[in-house]
Every structure is written in structure tokens, then in C-alpha cells.
Amino acid sequence: MRNLWIVLAVAAPLAAQQGFDFKSLDKLGAQAKETTNVTLEGPTLQLAANFLGADGDSDAASLKEMVSKLKGVYVRAWEFDKDGMYSMADVEPFRAYIRAGQWTRVVEVKQEKEISEVYLKAGAAQQFGGVAVIDAEPRELTIVYIEGNISIADVGKLSGTLDIPDLDVLKRGGAASGAKGGKSNANGKNDE
Amino acid sequence: MSFEDQLRETLRQEPAPADFRAKLMARVQAESRAAALPAPWWKRRLSLALAAALVAGAVIPAGVLEHERRERERGLAARNQLLTALAVTNSTLRHTREMIRRNTRHS
């Protein structure tokens, strides 16, 4: 009995630390017209940061500094041909995961059939532990999950003060191959 | 037989066969010829070392270059994914901001 308690005491915090299984959302890609699927974590994320500026990316230094503090970047976005190809129930497991953690919903906007939610994770002083975004439109669904130390200034950078290339520009330049351009995965890590 | 007779019998000189000398000389000459012949080039140490150096010299830089090329490709692919992720985040947060603006205007 004592051993069982020891196992439970060890297993419970480990279970709490388990990240969200983004593969559970991948089924949505089967019905999507376009899918963006990015998973970058650990060494691959830092490798990506090291290559910022390799092609003359503007603001590379600022981006590098921000990314160097991150643990993981997960983006899933789907574009559908018609309304009703997904439901908010599909997103519920992700919401439940966020709610169970130390995340606070800082923005919730609802307009007709559009919903946008922004969550921030509690972190060290003057810093957050991550940012998550759920953006649902009738024919588009986007989930962004960024974990790691991030400041409010970084969130500002992410939302526009940095010269992050536009998706269309990335598509034209071929940088976003597999992203927003078809159903291929664009993982930095092998999910399989 | 006494001990002396046995010893004498044992030490008795016997003449060598008639062709002994010829066989012996032929064998000595054959062995000295073989010893005088140089080893084929692929058995010589210097040749082996040189060949190994040439192979290493050709293979190692090619391997290093290939490894560097693959690492660069992997890095650029990861960077592209990161830029894609940041671009999606950027456009999503802008959309949220736009929704907030619209909501604020309506209220």
C-alpha cells in the first residue's frame, strides 16, 4: 500500500506536466481544404532560431532573442470549404487542457459566428509562461500554443510590431511549404 | 649388444643419397630467390598507408561537407516552420485585435 502511494506521488506531478497531445486535433485536417501544422520544440526550435537571419530576415536579432526563451511552438490551422466542417467540441480537449493548467483567459471576443480567445500562462515576475490562442471562424480554425518565457513586449512583437513575414509572402517565397498551402505536415519534429 | 656397440651403430656414418647435394642446392637457391623478390605493391606498408590516406582524404571531406549541407537544410527547414508559426500567430492575434476593435466600436 505504501508503495502505491509512492507511485501515485511520483506519477501525479508527471501526469500534470504532460503536454497537450496535438495529434488529437489532426483528424480535423482530413476535412480541411488547407492545413498548417507546425511543431517546434527543444533543439529543433533552437536550431530554427539559429537560422533566423540566414536569408536576411529583418528583425532577426529580436526574434532570436524571443525564441531563445521558448520551449515549444505549436500551430494548427485549418481552412474549410464550407461552414460546419468542424465544431467547437473538437477544440474542447485543448480548452480543457488550458483550463487545467495555470492559464488565464485574457481575451474572449465573440462576434456572430466568430470566437477568439487569448490565454496567458502564469510565469516568473514580469514574464508569462506561455501564450495560447484559439481563433474560430465558420470556415477557419486556428490554434496557437507557445510555451516558454514570454514577456508582454514579446506578445506585442508577435502581434505585429516585428516585421514577421506575412503568410502570403512566405507562401510565395516557398518558406511555408506545406503550410497553408495544402494538407502536408510542416513539423519541425517527427510526429510519427 | 653392449653399450659401446650400440653407440657405434648409432654413430655409424652413412653415405648421403646420390642426389642429396643437388636437391639441397636447388632448395637453397629457390629460397634465396624468393627472399630476394620484392613484395607486391599492395602488400607493402608504405603503399597501404598511402592508399589509406588517399581514401581518407577523399571520403572525410566529402562526408563533412554532406553533413554540413544536411544540417543547413534541416536548419533552414526549421527556420521556415518557425517563420510560418510566427506568421500564423501574428495574423491570428491581429484578427483578435480587429474583433476587439469592432466590438468596441459597436458597444
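In this text, all values refer to a predicted model and were calculated from it rather than measured experimentally.

A. Highlighting the interface of chain A and chain B. Counting residues at the interface gives 47 residues for chain A and 28 residues for chain B. A combined buried area of about 3,300 Å² lies between chain A and chain B, and 69% of that area is made up of carbon and sulfur atoms. Contact with chain B buries area across many residues of chain A, yet F51(A), Q111(A) and S159(A) alone supply 18% of it, more than any other trio.

B. Summary view of the packing of aromatic side chains. Residue and element names in this part refer to chain A. The tally for this structure, following the rule as stated, stands at eleven aromatic pairs over all chains. Aromatic pair F80 and Y86: ring centres 5.3 Å apart, planes at 25°, arrangement stacked. As far as the burial class goes, F80 and Y86 line up, both buried. Judged by centre distance (5.4 Å) and plane angle (40°), the rings of W103 and Y145 are tilted. Here Y145 lies in strand β6 (residues 140-150) and W103 lies in strand β3 (residues 103-111), a separation of 42 residues in the sequence. In this structure, W103 and Y145 share a single accessibility class: buried.

C. Looking closely at the pairing of β6(A). Residue and element names in this part refer to chain A. Within β6, nine of the eleven residues are buried, which leaves the element mostly enclosed by the surrounding structure. Bridge count between strand β2 (residues 70-79) and β6: nine bridges; the pairing is antiparallel. When the sheet's bridge partners are listed, R76 is paired in β6 with I143. Examined bridge by bridge, strand β5 (residues 128-137) and β6 share nine bridges and lie antiparallel to one another. Directly across from F128, in β6, lies its bridge partner I150. What sits between β5 and β6 in their antiparallel hairpin is a turn of two residues.

D. The packing of helix α2 (residues 42-50) of chain A against helix α3 (residues 60-68) of chain A, seen in detail. Residues and elements named next belong to chain A. Taken N-terminus to C-terminus, the directions of α2 and α3 make an angle of 170°; their axes are 9 Å apart at the nearest point. Taken together, α2 and α3 sit at an angle that is classed as roughly antiparallel. Crossing geometry of α2 relative to α3 is assigned as left-handed. Facing α2, whose interface residues are L45, Q46, A49 and N50, α3 presents K64, V67 and S68.

What counts, and at which threshold
- Residues numbered from 1 in each chain as written.
- Chains lettered and ligands numbered in written order.
- Predicted model: local features only at pLDDT ≥ 70, side-chain atom pairs only at ≥ 80, totals over all residues.
- Heavy atoms only, no water.
- Contact = heavy atoms within 4.5 Å.
- Buried area = accessible area lost by both parts, 1.4 Å probe.
- Phe/Tyr/Trp six-rings, centres within 6.5 Å; stacked < 30°, edge-to-face > 60°.
- Buried < 20%, exposed > 50% of the residue type's maximum accessible area, 1.4 Å probe, protein only.
- Helix = DSSP H or I, 4+ residues; strand = E, 2+ residues; numbered from the N terminus.
- Pairing = 2+ DSSP bridges.
- Axes fitted to C-alpha atoms, helices over the stretch in contact; angles between N-to-C directions.
- Parallel < 35°, antiparallel > 145°, perpendicular 65-115°, else oblique.
- Left-handed = near helix turned anticlockwise from the far one by under 90°.

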